Structures are given as C-alpha cells and as structure tokens.
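These are the residues of each chain, in order.
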Amino acid sequence: MHEDTYPWPHKDLLDVTGLSRRDVFRLLDSARSFHEINRRPVKKVPTLKGKTVVLFFAEPSTRTRVSFDTAGKRLSADTFALGKSGSSQLKGETLKDTALTLQAMNPDVIVIRDSSSGAAQFLAERLRCPVVNAGDGCHAHPTQALLDAYALRDAWHDKFEGKTLVILGDSAHGRVARSNVHLLTSLGVRVRLCGPRTLLPPGVEKWPVEVFSRVEDAVQDADAVMCLRLQLERQQAGLLPDLRDYSARYCLTPARLALARPGARVLHPGPLNRGLEISSELADSSASLILDQVAAGVAVRMAVLYLYATRSDAAVGAGEPA
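Residues numbered from 1 in each chain as written. Predicted model: local features only at pLDDT ≥ 70, side-chain atom pairs only at ≥ 80, totals over all residues. Heavy atoms only, no water.

Enquirer: Looking at this structure, how should I read the pattern of salt bridges?
Expert: For side chains bearing opposite charge, pairing can occur when the charged atoms are close. Inspection of every chain in the model, using the stated rule, returns 19 salt bridges. The partner of R32 in a salt bridge is D158, with the nearest N and O atoms 2.9 Å apart. With R32 in helix α1 (residues 21-38) and D158 in the loop between α5 (142-155) and β5 (164-168), this pair connects stretches of sequence that are 126 residues apart. In this structure D158 comes out as partly exposed when scored by relative accessible area, which is 34%. Among the salt bridges present, the one from R175 reaches E59, with a minimum N-O distance of 2.7 Å. Of this pair, R175 sits in helix α6 (residues 175-186) while E59 is found in the loop between β1 (52-57) and α2 (63-74), placing the two residues 116 residues apart along the sequence. We note that R175, like E59, is buried. (Salt bridge = Lys/Arg side-chain N within 4 Å of Asp/Glu carboxyl O. Helix = DSSP H or I, 4+ residues; strand = E, 2+ residues; numbered from the N terminus. Buried < 20%, exposed > 50% of the residue type's maximum accessible area, 1.4 Å probe, protein only.)

Enquirer: Sorry, what's going on with α1 here?
Expert: Spacing of three or four residues puts side chains on the same side of an α-helix, whose turn is 3.6 residues. In this model, α1 (18 residues) spans 26 Å end to end at C-alpha, consistent with the 26 Å of a helix rising 1.5 Å per residue. Among the 18 residues of α1, 13 are classified as buried, and the element is accordingly described as predominantly covered. (Expected span 1.5 Å × (residues − 1).)

Enquirer: Mind showing me how you'd approach the packing of aromatic side chains here?
Expert: Geometry of an aromatic ring pair is reported as the spacing of the ring centres plus the angle between the planes. According to the stated counting rule, one finds six aromatic pairs in the structure shown. Ring centres of W8 and Y308 lie 5.7 Å apart, and the angle between their planes is 75°; this geometry places the pair in the edge-to-face category. A residue pair is termed long-range when its members are at least 10 positions apart, and W8 in the segment before α1 and Y308 in helix α11 (residues 290-309) qualify at 300 residues. Exposure remark for W8: the relative accessible area of 7% places this residue in the buried category. The interplanar angle of 65° and the centroid separation of 5.8 Å between the aromatic rings of F34 and Y306 together place this pair among those described as edge-to-face. Taken as a pair, F34 in helix α1 and Y306 in helix α11 lie far apart in primary sequence, 272 residues in all. A network of ring pairs unites the aromatic residues Y6, W8 and Y308 as a single cluster. Above the plane of the ring of Y6 lies R22, whose end atom (NZ or CZ) is 3.7 Å from the centre. (Phe/Tyr/Trp six-rings, centres within 6.5 Å; stacked < 30°, edge-to-face > 60°. Lys NZ or Arg CZ within 6 Å of the ring centre and 35° of its normal.)

Have a look at this one:
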C-alpha cells in the first residue's frame, strides 16, 4: 500500500492504537526512504536542521536512546539527552515541573521513556510540543512495534495479510507485546502468544490472539517468531519457574523453528539472554532479523522525528494557527 503524502494529523505518538492503517504505511514508507540514506557513505541530511529534540529517558535504555539520538543527528537536529540521574527529578521535582522546564527551552519534539505507565500521555496533555513515547511502564512501546513491522514488511515482501507471528515469552510485563499485537493484527497478521501462564497478560482471552502453552504447538506453520526478553527480576517475585526449566520448555531452538513454515524468520527486541529465550545458533543464523530490527530502528525513528517535528510547519503552511 502506497499513499501520496498528506499532512501528518497527530500531535503526539503515545501508542500505535492512535494510528490508522494509512498513517502506519505513510510512516513505514518514510522510514524506507530514510533507510536508503543510512546506506550512503555520508548518512546525514539537513531535513531537521535548526530543530531541537529532547531525549528525556527517566528509565535506563541503551538501544532505544542511542537509536533516537542517531536518528536525530542524521537528520541534522540538535539532540539533548537527559536521564533521571541528571535531572531535578532526582531531587524530588515532579514530572510535570520537569516537563514545563523543558518546554521553556522550546524543543520541537520531546522523546520520553519512563517506568510509569501513562507518563507519556501525562506530558502530552500538558505540553505544546509533540511528545513521542519511547516506552512507558508495561503500557506501550510504539516505535518498537513500528520497527518490527518494518523488518517484517521487508522480509515478507510487503505482505502482512494472512501471515502468522508467534510472540514467545513474557508478554504480561512487556510493552513490546502489547504494541505489536495492536499494530500487527490491524495489518492483517494472525498473532499467537506463547508462554507460562504466569507470564501471559491478565484478560488475554479478550485479546485478538491465539494462546498456547507449548512452543511446539504455537510455531506450527508460523511465518515468524518474536522472542521476548525474560525479565529475570520477575523470578524473584515467584512468577517464573526455574530458569533451567524455562529454557528447556520455551527457548527457541533450530529444532523448534523447523516446525514453522519454510523460511520462517526470528525476531528479538533485545537485549538477548542467549540460551534462555533463544539459542545462540538461531540468533546468529540467516533466519534472524535481529540486526535488521536494529537498522530499522534508526530509519523508523528518523521517520517519526521527521513527521512530528515538521507537523507544525505544515500546519502553519496550510493556514492553521501555530
């Protein structure tokens, strides 16, 4: 599906549920253009020259933060990274006051990652500039779902309808699963969840997914399997079985992937616990899209920053109030 460009209709990116199918393909098509730029010897363009992007990461992150920072710099934006340890929040300042302080600096986009579900929406309701959610608690991780869709779109040759994806592991505590289920089912993908009962979301029977307890059953005729990081801190809360038992029952191995359709692909949002969620042999194999996801992350986040940072420019150009 390819659409002509149109004025981007959204102020903020809080979750994929706010995007129409047309919006998703507009964003993925923009990312494809930026992906081509990332393959050039000189990977920088002046698209966002003069724009300022604040990366407010109150929750630790490496991949997402570096990906957004790289995306902004390749678009020639000025990026300013701020973590909780380097902000006044550590001294007791509220999220609201921190946000208002940041807004006084007139950024064009604020990218936030926070351990509290709803933090991005809290900011978006109070700030004039666009807010992009880089992960909030167990709620949502929209750019991760978009980059996963981008990687799958390439691997599936632009076809989503009729494909089957298995999400394997801790979908109860991972925002990645929620955002991917919303996005991929809206694109026509059949999604299956597989994992121990304690690691499945409450109310999962109301989700538009099939639920499996055995990996061997879940991967039958699947087109791709997405392994999720096992949050080892959950083991201390009594939510996980013994790790050796978990690995024996749920680690994705070549033998298990062989039950899927020929050419099935493997994804993982990282960081990987090798031998626990996925075997090293499979993670490093030709079936793996893990490095493709990393490359897609920069391109997708370039598209997100471009669409949201230039939205106000388009609105002014169309005669709307700034």
